[in-house]
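Chain by chain, the residues:
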Amino acid sequence: MAYLDGESNGPPSSDPAAKAASNLKHCGEYLLFRHYHTVDEVRLHAASFCRQHLVCPLCAVRRSSKQAGAYLQKFEAVTEQEPALRPVFITYTVKNGRNLAERMDHLRNALRKLTAARRQARKRGSGVTTWRHIAGAVGALEATYDPKTGWHPHMHMVALCDGWMDQAAMSREWKSVTGDSFVVGISALDRDKPASEAFLETFKYAVKFSDLTPALTWEAAKVLKGQRLVFSLGNMRGVEVPEHLTDEPLDGLPFFERMYRYLGGGHYGLSWHTTE
């Protein structure tokens, strides 16, 4: 926020840095929780959110939680209906570079080629692409940063497969479409990694705040703003992620409320509560 204040050259109405800083100043000012005591469950009922997930860690973690929860529900429904499908967690990377926009476009173009090859292969019933075995998937693009080599774009994906995904073949195919990377990771879910953990890792962030200076965070936010960073295929399509960042209420159950306000320095204090 302090960095953006320094970058501001005008009022929030006309300057993106000033607008982002102004919104950040009020994000997380209060959190209203409801404790549904008959089932002993606490849910976030209301809060002040800036909804700037590319510059705000609080909004990023709430957004990732919503995405992971929604797609995990879809995953569980599909695997119950089609238990023969093999769930896997896949990671694709491209070579690091200093130009984030160019590197993200490079990653996105490579994924677009595999998506098109998959579509044709499944339509024909055969094909050379390893993605012909993907019955459905959801993935997210993200970027970390290395001071020595620059931006590191990569993609995590949870896929449901109706055939064997050979890692060596996947690596060869990835090198053929990227020209600069053969790095592909794949692991079986429930055996090597729980499904819930895989979804949390897929959606955990678009940019890793702990790796970035404020200047790099703002650079990434300007590059990635408005870009589609989540994609879905096949039987994992059609998921509606809630737009609000609060929790769903438990209608019809009694509750107590607690309001917390931000005190600064990473601390919250209880502002008021209903009698328990």
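Each remark here, short or long, concerns the structure printed above.
Per chain, residue numbering runs from 1 following the sequence as it is written. Totals for whole chains, interfaces and linings use every residue, but because this is a predicted model, local features are given only for residues with pLDDT of at least 70 and side-chain atom pairs only at 80 or more, for both listing and counting. Hydrogens and water are ignored here; the side-chain numbers use all heavy atoms of the structure.

**Details of the overall build of the protein**
Put simply, DSSP marks the helices as runs of H or I at least four residues long and the strands as runs of E at least two long, and each gets a number from the N terminus on. Counting its regular elements, the protein contains 7 helices and 9 strands. In terms of overall dimensions, the protein has C-alpha extents of about 65 × 50 × 30 Å along its principal axes. Residue burial in the protein is summarised as follows: out of 276 residues, 47% are buried. Taking the intrachain contacts of the protein between residues at least 6 apart in sequence as the baseline, contacts between residues at least 24 apart amount to 69%. To measure how exposed things are, a 1.4 Å probe is used in the Shrake-Rupley method; for residues, cover is taken only from the protein chains shown. For the protein, the computed accessible surface area is about 14400 Å², with 52% contributed by carbon and sulfur atoms. Counted charges follow a simple rule, with Lys and Arg positive, Asp and Glu negative, and His plus the chain ends left uncounted. Here the site of a charge means atom NZ of a Lys, CZ of an Arg, CG of an Asp or CD of a Glu. Across the protein, the 35 positively charged side chains and the 30 negatively charged ones have centroids separated by 7 Å. Type-normalised accessible area, obtained with a 1.4 Å probe on protein chains alone, sets the label of each residue: buried when under 20%, exposed when over 50%, and partly exposed for intermediate values. The contact criterion used is simple: two residues touch if any of their non-hydrogen atoms lie within 4.5 Å.

**Some points on the pairing of strand E1 (residues 30-36)**
Extensive coverage of E1 is indicated by the burial of 5 of its 7 residues. Strands are treated as partners if at least two bridges between them are detected by DSSP. Where E1 and strand E8 (residues 256-264) come together, 6 bridges link them in antiparallel fashion. Bridge pairing in E8 links histidine 35 to phenylalanine 256. In terms of strand pairing, E1 meets strand E2 (residues 41-47) through 6 bridges, oriented antiparallel. From the neighbouring strand, arginine 34 faces E2, where its bridge partner is arginine 43. Between the end of E1 and the start of E2, which pair antiparallel, lie 4 residues, with aspartate 40 showing a positive phi angle near 50 degrees.

**Looking at the sheet that holds E1**
If you trace the 4 strands from one edge of the open sheet to the other, you get E2-E1-E8-E9, paired in antiparallel fashion. Edge positions in the sheet fall to E2 and strand E9 (267-273), since each of these pairs with one other strand and no more. Looking at each pair of strands side by side, their axes are set apart by 30 degrees on average, direction ignored. Structural elements are reduced to axes, namely lines fitted to C-alpha atoms, with helices fitted over the stretch in contact, and the angle between N-to-C directions of any two is expressed from 0 to 180 degrees.

So yeah, pure geometry; function would need other evidence.
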